[in-house]
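# What the coordinates show
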Amino acid sequence: AQSVAQPEDQVNVAEGNPLTVKCTYSVSGNPYLFWYVQYPNRGLQFLLKYITGDNLVKGSYGFEAEFNKSQTSFHLKKPSALVSDSALYFCAVRAGGNTDKLIFGTGTRLQVFP
Amino acid sequence: NAGVTQTPKFQVLKTGQSMTLQCAQDMNHNSMYWYRQDPGMGLRLIYYSASEGTTDKGEVPNGYNVSRLNKREFSLRLESAAPSQTSVYFCASSILGGWSTGELFFGEGSRLTVL
């Protein structure tokens, strides 16, 4: 069965510093991997995805993610964090079959301090 | 530019009461989904509808029923609410098909409290 794990409940980073939010996956076959962001009292918003091709995927708001097949990881990164990046981040993997249904990780809260 | 619209946004129920959460999308998407979000557990899929006229169980279907009323609307019903169903519920949709990017589009959520 497909699954993703987010080992950190919270990540704290100073504004202007690089940030990394970790995600590892377990899938049979080729993985379809996603990152979503959730701001307080809002729905989830799509950030980026990896389907195939270049291992470095660029997304919205300056975020990028690196797909690493040997380490089964898909970490979210940003070179310079902003206070406005503070939110809840979810990694997800496509469950397979004839739908786009996603299996989500437990989420990582990113706190960026001024 | 509504996207995915959920109603109601907030609801308080007593144990044993019933209610229906409504969801509608205006993007002509084929697939629709209901997830629940609980602290420390991420989002878990309750039910989904791959296309109009079909529905299937997700990870946590017990205590819920769904109806895909038409291509736009997908409702979630709690027949006899229990405190364990206190959660934030999200409806989502996706294109599915030849133009599918795999991306899900989410509503703003419905916060349900069962006393």
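Within any chain, residue numbers begin from 1 and follow the written order of that chain's sequence. The lettering of chains begins at A and the numbering of ligands begins at 1, in the order of writing. Local features are withheld for residues below a pLDDT of 70 in this predicted model, meaning they are given only at 70 or higher, and side-chain atom pairs are given and counted only at 80 or more; totals for whole chains, interfaces and linings count all residues. Note that water and hydrogens are dropped before the side-chain values are worked out from all heavy atoms of the structure.

## Thoughts on the overall build of chain A
Rules: Secondary structure counts use DSSP, requiring at least four H or I residues in a row for a helix and at least two E residues in a row for a strand, with both numbered from the N terminus. Computation of the radius of gyration draws on C-alpha atoms alone. For the globule rule, the value is 2.2 Å times the number of residues to the power 0.38. Any two residues having at least one pair of non-hydrogen atoms within 4.5 Å are treated as being in contact. Only the protein chains shown count as covering a residue, and every accessible area follows the Shrake-Rupley method with a 1.4 Å probe. For the purpose of counting charges, residues Lys and Arg are taken to be positive, whereas Asp and Glu are taken to be negative. His and the chain ends are not included. Charge placement uses NZ in Lys and CZ in Arg. For Asp and Glu, CG and CD serve respectively.
Scanning chain A for helices and strands turns up zero helices and twelve strands. Counted from the first residue to the last, chain A has its helices and strands arranged as β-β-β-β-β-β-β-β-β-β-β-β. Against the 2.2 N^0.38 benchmark of 13 Å for 114 residues, chain A shows a C-alpha radius of gyration of 14 Å, consistent with a compact globule. Once the C-alpha set of chain A is aligned to its principal axes, its extents read approximately 45 × 30 × 25 Å. The long-range share in chain A, meaning contacts at least 24 apart out of those at least 6 apart in sequence, stands at 54%. Here chain A displays about 5,300 Å² of accessible surface, and carbon together with sulfur accounts for 48% of that area. Considering chain A, the positive charge centre built from 10 side chains and the negative charge centre built from 8 side chains are found 6 Å apart.

## What about the layout of surface pockets?
Put simply, the rule is: Buriedness for pockets is judged along seven lines, at least five of which must meet protein on both sides within 12 Å for an open set on the 1 Å grid over protein atoms alone, while cavities are sets there where a 1.4 Å probe fits but cannot get out, and lining residues have an atom within 4 Å of a point. Grid points are joined across faces, edges and corners, and a volume is the space filled by probe spheres set on the points. Under the convention adopted here, Pro, Cys and the residues Ala, Val, Leu, Ile, Met, Phe, Trp and Tyr are nonpolar, Asp, Glu, Lys and Arg are charged, and Gly plus all remaining residues are polar.
Size it by volume and the largest pocket reaches roughly 580 Å³. The wall of the largest pocket is formed by 25 residues, among which Gln38 and Leu88 of chain A together with Gln37, Val88 and Arg111 of chain B lie closest to the centre. Listing elements by their share of the lining of the largest pocket, those giving two or more residues are strand 10 (87-94) of chain A together with strand 4 (31-38), strand 9 (87-94) and strand 11 (110-114) of chain B. Each residue belonging to the lining of the largest pocket can be placed in one class, and the counts come to nine nonpolar, nine polar and seven charged.

## Remarks on the sheet that holds strand 7 (residues 64-68) of chain B
Residues and elements named next belong to chain B. Cut-off, in case you're wondering: Whether two strands pair comes down to DSSP finding at least two bridges between them. Angular values range over 0 to 180 degrees, each being the angle between N-to-C directions of two axes fitted as lines to C-alpha atoms, with helices fitted over their stretch in contact.
The strand order across the open sheet built from four strands is 1-3-8-7, with neighbouring strands paired in antiparallel fashion. At either end of the open sheet lies a strand with only one pairing partner, and these are strand 1 (4-7) and strand 7. On average, each strand axis in the sheet is inclined to that of its neighbour by 15 degrees, with strand direction left out of account. Direction of pairing for strand 1 relative to strand 3 (residues 19-25): antiparallel, over a ladder of four bridges. By the bridge assignment, Thr5 is partnered in strand 3 with Ala24.

## Some thoughts on the packing of aromatic side chains
All names here are of chain A. Test applied: Only Phe, Tyr and Trp rings are paired, with Trp represented by its six-membered ring, and only when their centres lie within 6.5 Å; those with planes under 30 degrees apart are stacked, over 60 edge-to-face, the remainder tilted.
If you walk through the whole model with that rule in mind, you get 16 aromatic pairs over all chains. Pairing Phe90 with Phe104 gives two aromatic rings, centres 6.2 Å apart and planes at 90 degrees, and the pair type is edge-to-face. With Phe90 in strand 10 and Phe104 in strand 11 (residues 102-104), the pair connects residues that are 14 residues apart, well separated along the chain.

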